[in-house]
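# Inside the fold
Listed below are the residues making up each chain.
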Amino acid sequence: MALNIKPLADRVLIEPVAAETQTASGIFIPDTAKEKPQKGTVVAVGNGTKDHDMTVKVGDAVLYGKYSGTELKLEGKDYLIMREDDILAIV
C-alpha cells in the first residue's frame, strides 16, 4: 500500500531498518541497549529547490546521522523525514 505523503522541497521520507536484536556471536541485545539505526530505505522524495536537484530516489538504501531528521508514525510504521543534506551516503 502506497503512502499518501509527499515531502516538500529537499526533504526525504525514510523508513529505518529494524535494529539488530542479536550480535554476530549470538548474544541477544535487550531493548534498552539497542542503538538507533542509521540505515534506511527512501520511501518518498520531494521535488528539490531551484538551487538544488534531488540526488536520491525512491528505493535507495541510505546512511544518515544518528540524530538526523524528525520521527513520525504513519499507518502504524515508524518513519523519518529529513533534508537530503542530512543523508551521508547512498549504499
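For the structure itself, look to the data block above.
Report follows, based on the coordinates. (Residues numbered from 1 in each chain as written. Predicted model: local features only at pLDDT ≥ 70, side-chain atom pairs only at ≥ 80, totals over all residues. Heavy atoms only, no water.)

## Side note on the sheet that holds strand β1 (residues 11-16)
Two strands in a sheet stick together by hydrogen bonds in their backbones, pointing the same way (parallel) or opposite ways (antiparallel). The strand order across the open sheet formed by six strands is β4-β5-β1-β2-β3-β6, and the pairing between neighbours is antiparallel. Every other strand in the sheet has two partners, leaving β4 (70-74) and β6 (87-90) as the edge strands with one partner each. This sheet shows a mean twist of 45° between the axes of neighbouring strands, independent of strand direction. Pairing of strand β3 (residues 61-64) with β6, which is carried by three bridges, proceeds in the antiparallel orientation. Across the sheet, residue Leu63 finds its bridge partner in β6, namely Ala89. (Pairing = 2+ DSSP bridges. Helix = DSSP H or I, 4+ residues; strand = E, 2+ residues; numbered from the N terminus. Axes fitted to C-alpha atoms, helices over the stretch in contact; angles between N-to-C directions.)

## Considering the pattern of salt bridges
Applying the stated criterion across every chain, the model contains four salt bridges. Among the ionic pairs, Asp10 bridges to Arg83, the shortest N-O distance being 2.8 Å. Of this pair, Asp10 sits in the segment before β1 while Arg83 sits in strand β5 (residues 77-83), placing them 73 residues apart in sequence. What makes Asp10 buried here is its relative accessible area of 8%. When its relative accessible area of 36% is taken as the criterion, Arg83 is described as partly exposed. For Lys77, the salt bridge identified is with Glu15, shortest N-O distance 3.2 Å. (Salt bridge = Lys/Arg side-chain N within 4 Å of Asp/Glu carboxyl O. Buried < 20%, exposed > 50% of the residue type's maximum accessible area, 1.4 Å probe, protein only.)

## Observations concerning the environment of Thr49
Among the secondary structure elements, Thr49 is positioned in the loop between β2 (39-45) and β3. Along the backbone, Thr49 and Arg11 are 38 residues apart, and their C-alpha atoms lie at a distance of 9.8 Å. Residues contacting Thr49, with those up to four places away along its chain left out, are Ala9 and Asp10. (Contact = heavy atoms within 4.5 Å.)

## Thoughts on the side chain of Glu84
Position of Glu84 relative to the elements: it lies in the loop between β5 and β6. Buried within the structure, Glu84 lacks any salt-bridge partner; its nearest side chain of opposite charge belongs to Arg83, at an N-O separation of 9.6 Å. At a separation of 3.3 Å, a polar atom in the side chain of Glu84 contacts the side chain of His52. Only 2.6 Å separates the side chain of Glu84 from the backbone nitrogen of Thr55, close enough to count as a polar contact. Setting aside chain neighbours within four positions, we find Glu84 in contact with Asp10, Val12, His52, Asp53, Met54, Thr55 and Val56. (Lys, Arg positive; Asp, Glu negative; His and termini not counted. Polar contact = N/O pair within 3.5 Å; in protein donor to acceptor, adjacent residues only side chain to side chain.)

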